[in-house]
Amino acid sequence: MEMAQHTLPDQLVRIGSVEISLSQTDELFRAYVETANDMVYTVDLNGILTYINAYGQKLLGLPKHEIIGKPYLDFVSPRCREKTAQAFHNLMQTGELRDFEFVLITQGDTELHLEVNGRLLHRHGELVGGIGIGRDVTERKRIEKQLQMFSRAVETAYDSIVITDLDGKIIHANTAASRIFDWQLAMLSGTHAAVFYPERTQTEWLIEQAIAGGWSGEVICQRRNGDTFPALVSVSPILDERDRPTAVSLITRDITQQKTFEDELSAKNLELERASRLKSDFLANMSHELRTPLTSILGFSSILQKQIFGALNSKQQTYIHQIYQSGQHLLGLINDVLDLSKVEAGQLQLEPVPIVVDELCEKTLAIVG
């Protein structure tokens, strides 16, 4: 039924159990319907749209002439058509439809979530169709979806997430809180968060830090049986619409295993440092002990080369020279060992110098020859 075209001066239209004299209230009623922030529409017994207000046209993104005379199911999302048709059937049978939700498809193929309340529409005591008042709940559904995602994220989080009031009384705790602190969730509701810490003053301090803006750090927590464990705790305020603290969030991560690894790593580092120190001491002592006899070898071979105590034949001179060169090479190796210790201590400075390749090759051949 289209309200403007099908009303007569003394016509009575009944919506539910209320009869309205359109000749007396038509102007007021139409003004209310046209300015409403809800979609108002009527359909006949076959589900054909006979009226839609301005807000409904705006939601659909279509002019009135492209809506009136078409089945309402044409504007319903395909996945919702079956249940929407069943809802219309139920309306015809029971006379009432409450808080029914379905999805509309607009001109731009945008989905709108609509919550509808409907009643039967009578004319002169005869059933002629139904009237629906639909509210756009798209934003509400979006927020609900976000809240559901947030709730699933909280419940599946590895860390304990506990929400308390400003006095520390637990409002909500996730599954991880039960696992970490060894408390049943039903037992935690309404319990003071002090059960998580060895001292109540610690709990009060954390709540004060949260209200003041938040804090994160390492603390000692305790399980239900009294066993303590190290934990990383982050506390923050939960603000209301006026940015005032209304609750407190406590996120706790059990770092017992991490601490164990750190202790083991620290012990290994100490052991490695001790081994490195012992090695450096050994190299220094060994170098000192090797230098003592090597000094005599180099000194006496140098004296023999100078033939101070008598002349040497050519073969003896060659052998003495070889002894001296080998001693110098051994001294270089000892110095290299000491340089290695300096490298580990970060005390070695490189001094690049030019070399004569031919001489280097000759010395190498003389050593291995």
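This one's a predicted model, so the numbers in the text were calculated from it and none came from an experiment. Throughout this description, residue numbers start from 1 for each chain and increase along the sequence as written. The model is predicted, so local features are restricted to residues of pLDDT at least 70 and side-chain atom pairs to those at 80 or more, both for listing and for counting; the totals for chains, interfaces and linings are taken over all residues. Excluded from the side-chain calculation are hydrogens and water; included are all heavy atoms of the structure.

How would you sum up the overall build of the protein chain? Please name residues and give values.
Per the convention used, a helix needs a DSSP run of H or I reaching at least four residues, while a strand needs a run of E reaching at least two, with both numbered from the N terminus. Counting its secondary structure elements, the protein chain contains ten helices and twelve strands. Partly exposed residues are those whose accessible area sits between 20% and 50% of the maximum for their type, while under 20% is buried and over 50% is exposed, using a 1.4 Å probe and protein chains only. The buried share of the protein chain, reckoned over its 369 residues, is 31%. Using the Shrake-Rupley algorithm and a 1.4 Å probe, accessible areas are obtained, with residue cover drawn only from the displayed protein chains. Per element, the accessible surface of the protein chain, about 23500 Å² overall, is 55% carbon and sulfur.

An account of the sheet that holds strand β11 (residues 228-239) is needed here, citing residue identities and associated values.
Strand order in the open sheet formed by five strands is β9-β8-β12-β11-β10, and the pairing between neighbours is antiparallel. Each of the sheet's edge strands pairs with one partner strand only, and the pair in question is β9 (170-173) and β10 (215-222). Direction aside, the axes of adjacent strands within the sheet are offset by 30 degrees on average. Note: two strands are recorded as paired if DSSP finds a minimum of 2 bridges between them. In this sheet, β11 lies alongside β10 in antiparallel orientation, the contact comprising eight bridges. Note that in β11 the partner of Glu 218 across the bridge is Leu 232. Convention adopted: a line fitted to C-alpha atoms gives each axis, helices being fitted over their contacting stretch, and angles between N-to-C directions are expressed from 0 to 180 degrees.

Before we move on, can you summarise the environment of Thr 94 with the specific residues and values?
Within the secondary structure, Thr 94 is located in helix α3 (residues 81-94). Exposure remark for Thr 94: the relative accessible area of 57% places this residue in the exposed category. On a C-alpha basis, the gap between Thr 94 and Leu 120 in space is 9.0 Å, while along the polypeptide they are 26 residues apart. Think of a polar contact as two N or O atoms within 3.5 Å of one another; within protein, one of them needs to be a possible hydrogen donor and the other a possible acceptor, and neighboring residues in sequence only count if both atoms come from side chains. Within the structure, the side chain of Thr 94 is placed 3.1 Å from the backbone oxygen of Glu 96, a separation counted as a polar contact.

For unusual backbone geometry, give the residues involved together with the corresponding values.
Keep in mind that most residues, glycine aside, have a negative phi and that most peptide bonds are trans. Here Asp 99, not a glycine, exhibits a phi torsion of approximately 50 degrees, which is positive. Inspection of the secondary structure assignment puts Asp 99 in strand β5 (residues 96-105). The phi dihedral of Asp 182 is positive, around 65 degrees, even though this residue is not glycine.

Could you give me a rundown of the nonpolar core, with the residues and numbers involved?
In summary, soluble globular proteins display a tendency toward joint burial of nonpolar side chains. Throughout this description, the term nonpolar core refers to a set of buried Ala, Val, Leu, Ile, Met, Phe, Trp, Tyr and Cys residues connected via side-chain atoms within 4.5 Å. Ranked by internal contacts, the top residues of the largest apolar core, which has 26 residues, are Met 39, Phe 102 and Leu 104. Elements represented by at least two residues in this core include exactly β3 (39-44), β4 (49-52), α2 (54-60), α3, β5 and β6 (111-123). For this core, the element with the highest residue contribution is β5, accounting for five residues. If near-sequence neighbours (up to four positions away) are discounted, Phe 102 is found in contact with Val 76, Cys 80, Lys 83, Thr 84, Leu 112, His 113, Leu 114 and Val 116. Core analysis: the next-biggest nonpolar cluster, separate from the first, contains 23 residues, Ile 180, Trp 183, Ala 193 and Ala 231 among them. In this description, contact between two residues means that some pair of their heavy atoms is separated by no more than 4.5 Å.

Now, about the side chain of Ser 77: what can you tell me, with residues and values included?
Among the secondary structure elements, Ser 77 is positioned in the loop between α2 and α3. According to the relative accessible area criterion, Ser 77 is buried, its value standing at 2%. Non-local contacts of Ser 77, meaning those with residues more than four positions away in its chain, are made with Val 103, Leu 104, Ile 105 and Glu 111.

Residues and numbers for the packing of aromatic side chains, please.
Aromatic rings in a pair are described by how distant their centres are and how their planes are angled relative to each other. A pair of aromatic rings is counted whenever rings of Phe, Tyr or Trp (Trp by its six-membered ring) have centres within 6.5 Å, and the orientation is called stacked for planes under 30 degrees apart, edge-to-face for over 60 and tilted otherwise. Taken as a whole and judged by the stated rule, the model has six aromatic pairs. Ring geometry for Phe 181 against Phe 196: centres 4.1 Å apart, planes inclined by 25 degrees, an arrangement best described as stacked. Taken as a pair, Phe 181 in helix α5 (residues 175-181) and Phe 196 in the loop between α6 (185-188) and α7 (200-211) lie far apart in primary sequence, 15 residues in all. Residue Phe 181 shares its accessibility class with Phe 196, and that shared class is buried. Taken together, the ring pairs connect Phe 181, Phe 196, Tyr 197 and Phe 229 into an aromatic cluster. Between Arg 179 and the ring centre of Tyr 158, over which it is positioned, the NZ or CZ distance is 4.8 Å. Sitting over the ring of Trp 183, Arg 224 keeps its end group 5.2 Å from the ring centre. Counting as a charge over the ring demands two things of the Lys NZ or Arg CZ atom: a distance within 6 Å of the ring centre and an angle within 35 degrees of the ring normal.

Outline the pairing of β3, supporting the account with residue identities and numerical values.
Looking along a regular strand, one sees the side chains alternate between the two faces of the sheet. Burial within β3 is extensive, with five of its six residues counted as buried. One ladder, built from six bridges, connects β3 with strand β7 (residues 126-136); its direction is antiparallel. The residue bridging Tyr 41 from the neighbouring strand is Gly 132, located in β7. As defined by bridge partners, β3 adjoins β4 across three bridges and the pair is classed as antiparallel. Within the sheet, the bridge partner assigned to Thr 42 lies in β4 and is Tyr 51.

Tell me about the environment of Lys 70, residues and numbers included.
Of note, Lys 70 is situated in the loop between α2 and α3. With near-sequence residues (within four places) excluded, Lys 70 lies in contact with Gly 47, Ile 48, Leu 49 and Phe 75. Reaching out from Lys 70, the side chain makes a polar contact with the backbone oxygen of Glu 66 at a distance of 3.3 Å.

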